[in-house]
Amino acid sequence: SPQGTVSKIDTKTGVEVARYTAGPGTPDPSRTSVNLYGDVVVVDRNGGIAKIAVEEAGCKDTNGVPGIQTSQGPNDVFAWGGDECVVWHLPLAASGQFGPRPVAWEGGDQNGCALPNPRVWVGYRDAANGYFKRLDGSSGAILDEVTIPWAQYTGAWGPYGGATNKEGDFWVMGHSVGPLVRIDSGNVVPEIIEIPTPPSGSKFTYGMALDADGRPWVAGSDYVYNYDPATAQWSFINVPSASMRGLMIDKEGRGWIANNGASYLVEIDTVTKTLINPNVPLP
């Protein structure tokens with residue numbers, strides 16, 4: 001973040017294979033999302049979203065020099081506009097803590113293959129409203145826009161986490177006090193769901209992910225929240241002394257949560273809704 005870059009890491013070897021400037025000026029990159037082709041979008045809290053192609057076939061020759069000029073490692077970072085695998089950038093409003101954060105590509109398939117041009121959602125807010133835009137994945141052009149009143153969520157930085165389900169609905173969670181929002185992929189109508197206070201302590205929300213059944217999981221302080229859209233019911237997993245941040249759920253239904261509290265990693269079972277390990281040992 002202080003360097004204003006985003007890194008591409010080979011997860012089989014653990015080696016960083018490329019590094020890219022995330023935006024113009026003084027970018028402050030925050031969230032990323034990867035589509036089924038491996039292309040990434042990165043959002044800049046200082047205002048903007050950029051797409052980076054994973055394969056050179058998806059990059060664009062813009063400088064007239066033969067071949068594609070693009071980063072080949074962590075010490076090979078091009079100035080903004082120089083890396084030909086950064087294929088588009090859309091400026092977005094930024095106002096301190098309200099700058100862009102939630103971002104998620106749509107998944108989906110066509111005849112058993114990934115959609116040829118997946119769309120991508122991004123969100124941010126100002127003093128009054130939350131703003132959400134669905135973009136064309138090839139060009140970054142704005143296809144759909146949704147505005148949701150946000151001023152009543154006082155003290156909240158803004159829309160903070162986002163994910164899409166297999167139907168393409170965009171789920172968004174607000175920082176600290178919520179709300180949870182679902183934007184329908186078809187009619188682009190938002191559903192606003194208030195997040196309840198947990199059984200003890202105070203409400204605090206930070207990161208979110210969806211499980212294989214499309215149910216949102218939200219990480220916070222001392223609790224992991226789960227919402228079941230089928231029943232419109234909330235449930236909670238208590239993780240004492242935890243200050244939890246980002247989370248993801250693997251194909252076995254295990255949730256892995258970064259923790260700034262008593263440990264560095266928390267493991268939960270999203271199928272049985274139980275705590276597996278509040279302190280996964282790390283090297």
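Our subject is the structure that appears above.
The sections below set out a description of the structure shown in this document. Bear in mind that the values here come from a model prediction, so they are computed numbers and not experimental data.

## Section: unusual backbone geometry
Okay, so step 1: Cis geometry is adopted by the peptide bond preceding Pro-179, which originates at Gly-178 and carries an omega value of 5°.
Okay, so step 2: If you trace the backbone, Pro-179 turns up in the loop between strand E14 (170-174) and strand E15 (180-183).
Okay, so step 3: With a phi close to 70°, Asp-222 is a non-glycine residue in the positive phi region.
Okay, so step 4: Along the polypeptide, Asp-222 turns up in strand E18 (residues 216-228).
Okay, so step 5: Positive phi outside glycine occurs at Ser-241, with the angle close to 60°.
Okay, so step 6: Mapped onto the elements of the fold, Ser-241 is located in strand E19 (residues 233-249).
Okay, so step 7: Exposure remark for Ser-241: the relative accessible area of 54% places this residue in the exposed category.

## Some remarks on the nonpolar core
Okay, so step 1: The biggest cluster of nonpolar side chains holds 25 residues, and the ones touching the most others in it are Ile-49, Ile-52 and Trp-88.
Okay, so step 2: Only strand E2 (15-21), strand E4 (40-44), strand E5 (48-52), strand E6 (86-90), strand E7 (103-105) and strand E10 (120-125) provide two or more residues apiece to this core.
Okay, so step 3: Once residues lying within four places of it in the same chain are set aside, the contact partners of Ile-49 are Val-41, Val-42, Val-43, Trp-88, His-89, Leu-90, Leu-92, Val-103, Val-122 and Leu-135.
Okay, so step 4: One finds Tyr-160, Ala-163, Leu-180 and Ile-193 within the second-largest nonpolar core, a separate group that totals 14 residues.

The rules behind these values
Residues numbered from 1 in each chain as written. Predicted model: local features only at pLDDT ≥ 70, side-chain atom pairs only at ≥ 80, totals over all residues. Heavy atoms only, no water. Helix = DSSP H or I, 4+ residues; strand = E, 2+ residues; numbered from the N terminus. Buried < 20%, exposed > 50% of the residue type's maximum accessible area, 1.4 Å probe, protein only. Core = buried A, V, L, I, M, F, W, Y, C linked by side-chain atoms within 4.5 Å. Contact = heavy atoms within 4.5 Å.

Structural measurements only, silent on function.
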